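Notes for the structure review
Letter by letter, the chains look like this.
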Amino acid sequence: MPSIAASRCNAAPPCSFPFNGMAGMCQHERMQPSRIPADIVCSVLIASVIVFAAGDGHAAGCDFEIQGEGRVAAIVDARSFRLNDGREIKLAGIEVPDTAKATAVLSALLVGRGVTLRGDDDMPDRYGRQPAYAVLTDSGTQVQGELLRQGLALVSSEVADRDCAATLMAAEGEARRAKLGTWVDPTAIKNAESPGDILAGIGRFMVVEGRVLSVRQAGATTYVNFGRNWTRDFAVTISRRIVPAFEAAGLAPKSLENRRIRVRGWVEARSGPRIELLRVEQVEVLGGD
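Residues numbered from 1 in each chain as written. Predicted model: local features only at pLDDT ≥ 70, side-chain atom pairs only at ≥ 80, totals over all residues. Heavy atoms only, no water.

Quick look at the nonpolar core
Ranked by internal contacts, the top residues of the largest apolar core, which has 35 residues, are Phe81 and Leu110. Listing elements by their share of this core, those giving two or more residues are strand 3 (66-77), strand 4 (80-83), strand 5 (88-91), helix 3 (99-110), strand 7 (114-118), strand 8 (129-136), helix 4 (143-149) and helix 5 (162-178). Ignoring sequence-local partners within four residues, the contact set of Leu110 consists of Val72, Ile75, Phe81, Val115, Leu136 and Val143. With 23 residues, the next largest nonpolar core counts Val224, Val236, Leu251 and Ile261 among its residues. (Core = buried A, V, L, I, M, F, W, Y, C linked by side-chain atoms within 4.5 Å. Buried < 20%, exposed > 50% of the residue type's maximum accessible area, 1.4 Å probe, protein only. Helix = DSSP H or I, 4+ residues; strand = E, 2+ residues; numbered from the N terminus. Contact = heavy atoms within 4.5 Å.)

Points about the pattern of salt bridges
For the structure on display, the rule yields 19 salt bridges. Where Glu174 meets Arg149, a salt bridge forms, and the shortest distance between an N and an O atom there is 3.7 Å. Note that Glu174 is positioned in helix 5 and Arg149 in helix 4, a separation of 25 residues in sequence. The exposure class assigned to Arg149 is partly exposed, which follows from its relative accessible area of 28%. (Salt bridge = Lys/Arg side-chain N within 4 Å of Asp/Glu carboxyl O.)

Things to note about the packing of aromatic side chains
For the structure on display, the rule yields three aromatic pairs. Ring centres of Phe64 and Tyr133 lie 5.3 Å apart, and the angle between their planes is 35 degrees; this geometry places the pair in the tilted category. Of this pair, Phe64 sits in the loop between helix 2 (38-54) and strand 3 while Tyr133 sits in strand 8, and the two are 69 residues apart along the sequence. When its relative accessible area of 13% is taken as the criterion, Phe64 is described as buried. Assessed through its relative accessible area of 8%, Tyr133 is described here as buried. Measuring from ring centre to ring centre gives 5.5 Å for Phe205 and Trp266, while their planes differ by 75 degrees; the resulting arrangement is edge-to-face. In this pair, Phe205 sits in strand 11 (residues 205-211) while Trp266 sits in strand 15 (residues 260-270), placing the two residues 61 residues apart along the sequence. For Phe205, a relative accessible area of 11% translates into the label buried. The side chain of Arg176 reaches across the aromatic face of Trp183, ending 5.5 Å from its centre. (Phe/Tyr/Trp six-rings, centres within 6.5 Å; stacked < 30°, edge-to-face > 60°. Lys NZ or Arg CZ within 6 Å of the ring centre and 35° of its normal.)

Comments concerning the pairing of strand 7
Extensive coverage of strand 7 is indicated by the burial of five of its five residues. Neither face of strand 7 is open: one carries Gly114, Thr116 and Arg118, the other Val115 and Leu117, and all of them are buried. In the sheet, strand 3 pairs with strand 7 via five bridges, with the strands oriented antiparallel. Among the inter-strand pairings, Glu69 is bridged to a residue of strand 7, identified as Thr116. (Pairing = 2+ DSSP bridges.)

Considerations on the environment of Met169
Tracing the backbone shows Met169 in helix 5. The class for Met169 is buried, based on a relative accessible area of 16%. Between the C-alpha atom of Met169 and that of Leu154, which follows or precedes it by 15 residues, the distance is 8.5 Å. Once residues within four sequence positions are removed from consideration, Met169 is found in contact with Val155, Arg264 and Glu284.

This is how it looks when you write it as structure tokens:
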């Protein structure tokens, strides 16, 4: 079903009138056609097709305790929504690079529908939002998984549960292999050998791939270096207190030398571009080594 919808979007102009994701149909009221970009209309169409065809799409790997239920009243932004009772929910476990498309898809998926909220706890963040994994009550479809499968989100570096991280990474991988959404851009994954491109994204969440040339320790920090110039080239850092978790997972930092890996996280500037590794789940060891 999704592939059929995608091919129609690529082959023909979008609806000449807005798409109503709630009913799965196009309607003539409300917005003018010229205001809806074709790619967003198609993304919303594909999202609705996926949801109604998915059936039981709940991600078992993120099967945390239920922290509440409710009906979605409105979309706040690309990763947040408000329930009828006034609670604001932030989608946990993902980062959203394309906010316009993600917001449109979330609206089609969620508005007016019931959701079950799962998570480690229901403690709101400093902005009053409850972080949660949202599951559509009527279909069991996990919202984060749908955004990832369409390439509209990236797995966050904050997912601490290994099974959940693996489930989300599998969904992201589907979109990457199909070159959907974010993954249409060949530069979506930054090359570790091009530190200038990474530096241009200081303060942003990035996925970077390359071969580790060396692993060195300086004080309480381990540096996983992707270049020979330690002050200019890209590197990831691991605090001494985190090293035991890597060792327990079979990823002792020194074992990464000469291996091709993919890392994700927030880019900082410390001479050269850096990503701090706080969790094992931020690292993927790639094949062919």
